[in-house]
Amino acid sequence: MLDSLIARHDITVSLLPYVFHVMVAKHCLVHKKNMVTTSYVKPEMRALDEEAKKAGVIILNEIGLDPGIDHMSAMRIIDHIHDRGGAVLEFYSICGALPAPEAADNPFKYKFPGAQRGRYGREQ
């Protein structure tokens, strides 16, 4: 069924658990279809890069809230600091969630629901 669905469409958006993305990607490569996931790039997915390029297929990962929007927002801040000669010693990211439409009252349309902290690293 997966093979048939991929064959009939121009792009596959895989929102399955990350352990299934490589399987989906391999079907996309057979049918020369583009693919998008919201997950981090695992080594097994990275190993498909050359095959995807040869097939003229784009497999785009980390296109979601986390990873995705949060990383782009973080890099915008970090690049802004670097462009002015500054250094980032620590950076903590608090991820968000999609709120009910009536509560989506900011430009990104998401909220920060918790206090999860992720460390982006330390620069000298």
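Because the structure is a prediction, the values reported are computed rather than measured.

> Can you tell me about the layout of surface pockets, naming the residues and giving the values?
In this structure, the second largest pocket spans a volume of roughly 180 Å³. Lining the second largest pocket we find Val-41, Met-45, Arg-46, Leu-48, Asp-49, Ala-52, Lys-53, Val-57, Ile-59 and Asn-61. Looking at the lining of the second largest pocket, the elements with two or more residues in it are α3 (43–46) and α4 (49–55). A total of three residues in the lining of the second largest pocket trace back to one element, the largest contributor, which is α4. Residue composition of the lining of the second largest pocket, grouped by class: six nonpolar, one polar and three charged.

> I'd like to hear about the nonpolar core, residue by residue, with values.
Ranked by internal contacts, the top residues of the largest apolar core, which has 13 residues, are Ala-25, Leu-29, Met-35, Met-45, Leu-48 and Ile-59. Of all the elements in the fold, those that place two or more residues in this core are α2 (21–31) and α4. In terms of residue count, the dominant contributor to this core is α2 (five residues).

Reading the values: rules and limits
Residues numbered from 1 in each chain as written. Predicted model: local features only at pLDDT ≥ 70, side-chain atom pairs only at ≥ 80, totals over all residues. Heavy atoms only, no water. 1 Å grid on protein atoms, 1.4 Å probe; cavity = no way out; pocket = protein on both sides within 12 Å on 5 of 7 lines; lining within 4 Å. Points joined across faces, edges and corners; volume = space filled by probe spheres on them. Helix = DSSP H or I, 4+ residues; strand = E, 2+ residues; numbered from the N terminus. Nonpolar A, V, L, I, M, F, W, Y, C, P; charged D, E, K, R; others polar. Core = buried A, V, L, I, M, F, W, Y, C linked by side-chain atoms within 4.5 Å. Buried < 20%, exposed > 50% of the residue type's maximum accessible area, 1.4 Å probe, protein only.

Purely spatial values, then, with no claim about function.
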